Structure formats: structure tokens, C-alpha cells
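Spelled out, the chains give:
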Amino acid sequence: MPRETGRKVIASNRKARHDYHIEDVYEAGLSLTGTEVKALRMGRASLVDGFAQIDRGEMWLEHVHIPEYVQGTWTNHAPRRRRKLLLHRAEIDKWAGKVRESGLTIVPLSLYFVDGRVKVEIGLAKGKKNYDKRHALRERQDRREAERAMSLRRNRE
């Protein structure tokens, strides 16, 4: 049986980029049970309410919803359980210092398979104010309108 290669995205947290300024991004492994991996292979997960927390020198992913595996039996997992993130000690300590000193939070940005292993992309984030969100939305809309006008102009020539 051939091994999986490449990157296959399972879920992405698009709202995180809208609600937060992402300052640093990192890829981490995820400690999962067998039924969780099977549910993820079916392409079902939600990162909407998720966040990461550092507890006693370990980083944990909280409130990420991986639904129960349909064909699972009594060995099935709890959908919103704590899941351990697999990172090096130095990386955890570096992020712990940043979270402690400047009031940042750690949010999951996407969940994906890399060569058959589940990875999560986590971001060190600072919350946006409402006016920042409106400003970013307005900039995106202006950029779209400018591109549309340029393409219309090119088509006429």
C-alpha cells in the first residue's frame, strides 16, 4: 500500500485571521487516539472555539471539536477533549514567555495531514479591536474594486 504524501487540509480557522493579528506561526504535531484519526480522515473537524494553553511545561489544544467516529465502539473519544501538542521544550518555553508578558493567546489556524501524520498550525495572536476589523474589511474591498477596474480597463483595450 503506497504511503500518503503531500499536505491535505482537514479544517481551517478563517475567523482567527479576522479576529486576531497573527504575530508568529508554528507547526505542531498532535497526540490523538485511533478513532480521532479515523474521524479526521473523513474530513470532519472544527477549530472555531479552539485555543492552546500551556500547563506545567506542556502545550494543550482545547475546545477543538473532532466528532465521534461513526463506526467506533466503546473505544470512541470525547469530541472536545484536551489534546497534547507535540513541540520541543525550548519552543514551548519561548511561547510561554510571550504569552505571559504581553497578553497574547495561542489559536489553531489549520489542521491537516502531512505525509499521513496529523499536524496543527498554531499562531501567536493578539486580539483585534472592532475598528481594526472594519478597516481590514474596507481595505480588502477597495483592493478588489481596484483589481476589477483594472481588469475592465485591460479588456477594453
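All values reported here derive from a predicted model rather than from experimental measurement.

Participant: Even after reading the chapter, I still don't get the nonpolar core, so can you show me in this structure?
Facilitator: In summary, soluble globular proteins display a tendency toward joint burial of nonpolar side chains. Judged by nonpolar contacts, the single largest core of 24 residues is most densely connected at M59, L85, L111, V120 and I122. For this core, the secondary-structure elements that each account for two or more residues are β1 (7–12), β2 (20–30), α2 (34–41), β4 (58–62), α3 (89–102), β6 (105–114) and β7 (117–127). If one sorts the elements of this core by residue count, β7 sits on top with 4 residues. Residues contacting I122, with those up to four places away along its chain left out, are D24, V25, Y26, M59, L85, L87, W95, I106, V107, P108 and L109.

Participant: How should the pairing of β2 be read in this particular structure?
Facilitator: A regular strand places its side chains on the two faces of the sheet in alternate fashion. Note: β2 against β7, 9 bridges, orientation antiparallel. By the bridge assignment, E27 is partnered in β7 with E121. In the sheet, β2 pairs with strand β5 (residues 83–86) via 2 bridges, with the strands oriented antiparallel. Residue pairing across strands places L30 opposite L85, the latter belonging to β5.

Participant: Sorry, what's going on with the pattern of salt bridges here?
Facilitator: Oppositely charged side chains are able to pair whenever their charged atoms sit close together. Taken as a whole and judged by the stated rule, the model has 5 salt bridges. Of the charged contacts in the structure, one is a salt bridge between K98 and D24, with a shortest N-O distance of 3.9 Å. Linking K98 in helix α3 with D24 in strand β2, this pair joins segments that are 74 residues apart in sequence. Residue K98 is classed as partly exposed on the basis of its relative accessible area of 28%. Classification of D24 by relative accessible area gives partly exposed; the value is 24%. The partner of R138 in a salt bridge is D142, with the nearest N and O atoms 3.4 Å apart. Here R138 pairs with D142, and both are found in helix α4 (residues 130–156), just 4 residues apart, close to one helical turn.

Definitions and limits used
- Residues numbered from 1 in each chain as written.
- Predicted model: local features only at pLDDT ≥ 70, side-chain atom pairs only at ≥ 80, totals over all residues.
- Heavy atoms only, no water.
- Core = buried A, V, L, I, M, F, W, Y, C linked by side-chain atoms within 4.5 Å.
- Buried < 20%, exposed > 50% of the residue type's maximum accessible area, 1.4 Å probe, protein only.
- Helix = DSSP H or I, 4+ residues; strand = E, 2+ residues; numbered from the N terminus.
- Contact = heavy atoms within 4.5 Å.
- Pairing = 2+ DSSP bridges.
- Salt bridge = Lys/Arg side-chain N within 4 Å of Asp/Glu carboxyl O.

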